[in-house]
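Geometric and topological summary
Listed below, chain by chain, are the residues.
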Amino acid sequence: MTVKKVDVLLVGSGVMSTTLATLLNELDHSMSMMMVERLPSIASESTDAWNNAGTGHAGYCELNYTPVDHAGNVNISRALAINASFEVSLQLWSSLVEKKSLPAPTKFINKTPHLSFVWGEDNVEFLRQRYHLLKAHPLFKDMEFSDDATQLTQWMPLIMAQRDTNEKVAATRVSYGTDIDFGSLTRELIKHLTHSENFTLNVSTEVTSLKQLDNGHWRVNIKDLNTKKHTKVEAKFVFLGAGGGALKLLQKSGIPESQGYGGFPVSGQWLVCNNPEVVKQHNSKVYGKAAIGAPPMSVPHLDTRIINGKPALLFGPYAGFTTKFLKKGSYLDLFKSVKPSNLKSLLGAGRHNMDLTRYLIGEALQKHATRVTTLREFYPQATDADWHLESAGKRVQIIKQCDEKGGKLEFGTEIVAAKDGSIAALLGASPGASVSVQAMINVIERCFSDQIKTEQWHSRIKSLIPSYGESLVDDSQLLDQVRSRTLQVLNLR
């Protein structure tokens, strides 16, 4: 059988694989790359606009990024890190817009104010404390706070209409928050990549096996799902960016670093507004606090969305229990992921997260009227007939080894790479796509460590991302320069 040789093989056509391919193509135009996608269309799983929140996660509105400790103190460190990482994404997209590698920004990103909204005396006090801590840092200097009903009505009229005037409420707001159609963004990036003679895209193509050769390269068997033809690919580097499918492929690789990892799948659903008169009354993303026992990715929010150029209004997500790792996956995915190497981790995490499992099953069994009742906490005038339910994407949360509990469940993203840097996988979920650029820079630094130190690669990545190698958390002057440019280029002012 003929063996196709490439420098880089990317598994999955989502935003992560596509971002890595884009960066590598900009750093070395001669690098040969092949991308394989199991589905017949690209960016159709978690990256597709209907399968994610579309929020440019920057910590402006997501209250779960600022947890409270047992003493009642708000910790803002994660919000700072995520905000700085999101600024890295904005820099790359700005550079690609300027280079005409991406189209007009409104094709994939739109200015949408980000608000955090709470009710009840204790929650208002929490939000006030959070605001003062964040406001003091340059990354969040433009954040506003209000507990005044008149001001809040101007910010979010739909939410404040006919609300009980005796109820204590408050909100914070950042005017240049974003709504991002990650599906459109990814498809535009791939469209540009396909203009390169060194980039090949194979859809309806599945990886059936992978094995490391004596020379350090990877022999990967791929199957065309239409013709059933098998092809062998020899790649110097493999990236497993297949979302919920990445864990299975990582396990097939057999690298020691994959030991102990498992996955906990969570499904999601949105309430979508059918009434255009309601849709046009809301122009922001308003995040609340998650219910006790709820996973962070199920924080309720009422969102303005621009999907394929059309406005929409979504509320949710409503989390649920599933055994699928992908929306177009198999109900056997969870069971097939159980291996001797991760059994201890899975049992440990399962034993300590029974409340979460019960919560997810309860969410999945809710009736439409119950879901709309939850919506009315945000939008008091909501009527059942104005909303219908749509399925969102699947999210596979990370389970990893833990000495204390045997295994622990983590909500976030993690890169798992071989010691020799020949293969890497991205596991996990939120903040996911929003920090895809920083995540893929981390992959490059770990797996192309010699090249990134060269003057050529370093100068090229600095031209794309001016803050590369420096800290936006610590350098306020650099932050001002970077943010001023990205807000202007991406029409976010």
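Numbering of residues starts from 1 in every chain and runs along the sequence as written. Under the rules for a predicted model, residues below a pLDDT of 70 receive no local features and side-chain atom pairs below 80 are neither given nor counted, while totals for whole chains, interfaces and linings still include all residues. Computation of side-chain values covers all heavy atoms of the structure but excludes hydrogens and water.

Note on definitions: salt bridges are taken to be side-chain nitrogens of Lys or Arg within 4 Å of carboxyl oxygens of Asp or Glu. For the coordinates displayed, the defined rule picks out 18 salt bridges. The residue Asp7 makes a salt bridge to Lys236 at a minimum N-O spacing of 3.3 Å. With Asp7 in strand E1 (residues 3-11) and Lys236 in strand E11 (residues 230-240), this residue pair connects regions lying 229 residues apart in the sequence. Between Arg128 and Glu125 there is a salt bridge whose closest N-O contact spans 3.7 Å. Of this pair, Arg128 and Glu125 both sit in helix H3 (residues 121-135), three residues apart, roughly one helical turn. Several salt bridges share partner residues, and in doing so they unite Asp179, Lys285, Asp303 and Arg305 into one network. We count a stretch as a helix when DSSP gives it H or I for four or more residues in a row; a strand needs E for two or more, and each element gets its number in order from the N terminus.

Our focus in this paragraph is the nonpolar core. We call a set of buried residues a nonpolar core when its members are Ala, Val, Leu, Ile, Met, Phe, Trp, Tyr or Cys and they connect through side-chain atoms within 4.5 Å of each other. In this scheme, a residue with accessible area under 20% of its type's maximum is buried, one over 50% is exposed, and one in between is partly exposed, where area comes from a 1.4 Å probe on protein chains only. Membership of the largest hydrophobic core comes to 82 residues, with the highest contact counts inside it found for Trp93, Phe239 and Ile465. Tallying contributions element by element places helix H2 (residues 77-98) first for this core, with 11 residues. Should any heavy atoms of two residues lie within 4.5 Å, those residues are counted as being in contact. When sequence neighbours within four positions are dropped, the list of residues in contact with Trp93 reads Phe86, Leu102, Phe108, Ile109, Ile180, Phe182, Leu185, Val437 and Leu490. Among the nonpolar cores identified, the runner-up in size contains 29 residues, and Trp218, Ala235, Leu247 and Phe325 belong to it.

Now for the side chain of His114. The topology assignment puts His114 in strand E4 (residues 114-119). A 3.5 Å cut-off defines polar contacts: any pair of N or O atoms within that distance qualifies, except that in protein one atom must be a possible hydrogen donor and the other a possible acceptor, and neighbouring residues in sequence count only when both atoms are side-chain atoms. Polar side-chain contacts of His114 include one of 2.9 Å to the backbone oxygen of Thr178.

Quick look at the pairing of strand E15 (residues 310-321) now. Burial analysis of E15 places nine of its 12 residues in the buried class, the great majority of the element. Two strands qualify as a pair provided DSSP detects at least 2 bridges between them. Judged from the six bridges that link them, strand E12 (residues 262-273) and E15 form a sheet pairing that is antiparallel. Its bridge partner being in E15, Val266 is matched across the sheet by Phe321. Pairing of strand E14 (residues 301-307) with E15, which is carried by seven bridges, proceeds in the antiparallel orientation. Pairing of Leu302 across the sheet is with Phe315, part of E15. The loop that links E14 with its antiparallel partner E15 comprises two residues; one of these, Asn308, has a positive phi angle of about 55 degrees.

Distance thresholds for patches are 9 Å for like charges and 5 Å for nonpolar side chains (Val, Leu, Ile, Met, Phe, Trp, Tyr), applied to residues having over 30% relative accessible area and no salt bridge. Surface accessibility in these figures is a Shrake-Rupley result with a 1.4 Å probe; residues are shielded only by whichever protein chains are displayed. A cluster of nonpolar side chains, Phe321, Ile361 and Leu365, forms an exposed patch at the surface whose accessible area comes to about 280 Å². Residue placement: Phe321 occurs in strand E15.

Along the chain, Leu464 turns up in helix H15 (residues 455-464). Taking the C-alpha atoms as reference points, Leu464 and Arg163, separated by 301 residues in sequence, lie 47 Å from one another. What Leu464 contacts, discounting residues up to four positions off in sequence, is Glu26, Gln91, Leu92, Ser95, Lys99 and Arg485.

Only centres within 6.5 Å qualify two rings of Phe, Tyr or Trp (six-membered ring in Trp) as a pair; their planes then separate them into stacked at under 30 degrees, edge-to-face at over 60, and tilted for everything else. For the structure shown, the criterion picks out 14 aromatic pairs. Judged by centre distance (5.4 Å) and plane angle (50 degrees), the rings of Phe117 and Trp119 are tilted. Judged by relative accessible area, Phe117 falls into the buried class, the value being 0%. Summarising the aromatic geometry, the rings of Trp119 and Phe378 are spaced 5.7 Å apart at their centres and angled 90 degrees between planes, so their arrangement reads as edge-to-face. Linking Trp119 in strand E4 with Phe378 in the loop between helix H12 (368-375) and strand E16 (387-391), this pair joins segments that are 259 residues apart in sequence. Of the residues examined, Phe378 reaches a relative accessible area of 1% and is grouped as buried. In this structure, Arg371 is placed above the aromatic ring of Tyr318, and the distance from its NZ or CZ to the ring centre is 5.7 Å. Here, a charge over a ring means that NZ of Lys or CZ of Arg falls within 6 Å of the ring centre while also lying within 35 degrees of the ring normal.

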